[in-house]
Amino acid sequence: QVQLVESGGGLVQPGGSLRLSCAASGFTFSSAAMSWYRQAAGKERELVAAMASSGSTTNYADSVKGRFTISRDNAKNTVSLQMKSLKPEDTAVYYCHAQYWHLAIFYQYWGQGTQVTVSS
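Definitions and limits used
Residues numbered from 1 in each chain as written. Predicted model: local features only at pLDDT ≥ 70, side-chain atom pairs only at ≥ 80, totals over all residues. Heavy atoms only, no water. Core = buried A, V, L, I, M, F, W, Y, C linked by side-chain atoms within 4.5 Å. Buried < 20%, exposed > 50% of the residue type's maximum accessible area, 1.4 Å probe, protein only. Helix = DSSP H or I, 4+ residues; strand = E, 2+ residues; numbered from the N terminus. Contact = heavy atoms within 4.5 Å. Pairing = 2+ DSSP bridges. Disulfide = S-S within 2.5 Å. Phe/Tyr/Trp six-rings, centres within 6.5 Å; stacked < 30°, edge-to-face > 60°. Polar contact = N/O pair within 3.5 Å; in protein donor to acceptor, adjacent residues only side chain to side chain. Salt bridge = Lys/Arg side-chain N within 4 Å of Asp/Glu carboxyl O.

**Section: the nonpolar core**
Phase 1: Counting 30 residues, the largest nonpolar core has Phe27, Met34, Trp36, Leu81, Met83 and Tyr94 as the members making the most contacts within it.
Phase 2: Where this core is concerned, the elements lending two or more residues are strand S3 (18-25), strand S4 (33-39), strand S5 (46-51), strand S7 (68-73), strand S8 (78-83), strand S9 (92-102) and strand S11 (114-118).
Phase 3: The leading source of residues in this core is S9, at five residues.
Phase 4: Here Met83 is in contact with Gly16, Ser17, Leu18, Leu20, Arg67, Phe68, Tyr94 and Val116, once residues within four sequence places are set aside.

Here's what the structure looks like:
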């Protein structure tokens, strides 16, 4: 059974930092591209950051470049999102996402989400 369990969300003041973590199980983590998405109230879900299975390639939304850093530990089956210089517009539910191909079939999974609120 595939599980993606996020943690680390919470309330932070503008300019502050948070670190989100996602613990994965039930699939071959080292073969999966891992991403963080977010969805603000009344808006569509958007990609925040992504990392290839090997960790060699990353991709960030323009709105978070230079402030957020995605990382992964294939030995621990975890992916993290370090968020700095947080802004009120970063307020959203953040979701961990995994995707991979196996025997020509595409698989993708979502975590349950963790709330990040940036407010004074």
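**With respect to the pairing of S11**
Side chains on a regular strand alternate between the two faces of the sheet.
Phase 1: Across the two faces of S11 the burial differs, with Thr114, Val116 and Val118 buried and Gln115 and Thr117 not buried at all.
Phase 2: Two elements, strand S2 (residues 10-12) and S11, share three bridges in a ladder whose sense is parallel. Within S11, the position partnered with Gly10 by the bridge is Val116.

**Let's talk about the state of the cysteines**
Simply put, the disulfide is a covalent bond whose two ends are the sulfur atoms of two cysteines.
Phase 1: Under the defined criterion, the tally for this structure stands at one disulfide.
Phase 2: Here Cys22 engages in a disulfide with Cys96; their sulfurs sit 2.2 Å apart. The disulfide joining Cys22 to Cys96 has a torsion of about -80° about its S-S bond and is therefore left-handed. On the criterion of sequence distance, the pair formed by Cys22 in strand S3 and Cys96 in strand S9 is long-range, its members being 74 residues apart.

**Details of the packing of aromatic side chains**
Phase 1: Under the criterion given, the structure shown has eight aromatic pairs.
Phase 2: Measuring from ring centre to ring centre gives 6.4 Å for Tyr95 and Trp110, while their planes differ by 90°; the resulting arrangement is edge-to-face. One end of the pair, Tyr95, is in strand S9; the other, Trp110, is in strand S10 (residues 105-110), and 15 residues separate them in sequence.
Phase 3: By relative accessible area, which is 13% here, Tyr95 ends up buried.
Phase 4: We classify Trp110 as partly exposed; its relative accessible area is 35%.
Phase 5: For the pair Trp101 and Phe106, a centre-to-centre distance of 5.2 Å together with 55° between the ring planes defines the contact as tilted.

**Let's talk about the side chain of His97**
Phase 1: Position of His97 relative to the elements: it lies in strand S9.
Phase 2: The exposure class assigned to His97 is buried, which follows from its relative accessible area of 1%.
Phase 3: Separated by 2.7 Å, the side chains of His97 and Gln108 make a polar contact.
Phase 4: Setting aside residues no more than four positions away along its own chain, His97 makes contact with Leu4, Ala33, Met34, Ser35, Tyr37, Gln108, Tyr109 and Trp110.

**Comments concerning the side chain of Ser80**
Phase 1: The topology assignment puts Ser80 in strand S8.
Phase 2: In this view, Ser80 contacts Arg19, Leu20, Ser21, Trp36, Thr69, Ile70 and Ser71; residues no more than four positions away in its chain are not counted.

**With respect to the pattern of salt bridges**
Phase 1: Taken as a whole, this structure holds four salt bridges when the rule is applied.
Phase 2: With a shortest N-O distance of 2.9 Å, Asp90 and Arg38 are connected by a salt bridge. In this pair, Asp90 is assigned in the loop between S8 and S9 and Arg38 in strand S4, connecting sequence segments 52 residues apart.
Phase 3: We note a salt bridge from Asp90 to Arg67, for which the minimum N-O separation is 2.8 Å. Here the residue Asp90 occupies a position in the loop between S8 and S9, and Arg67 occupies one in the loop between strand S6 (58-60) and S7, the gap between them amounting to 23 residues.
Phase 4: Here Asp90 falls in the buried class, since its relative accessible area comes to 0%.
Phase 5: Three or more residues are tied together by salt bridges with common partners; here these are Arg38, Glu46, Arg67 and Asp90.

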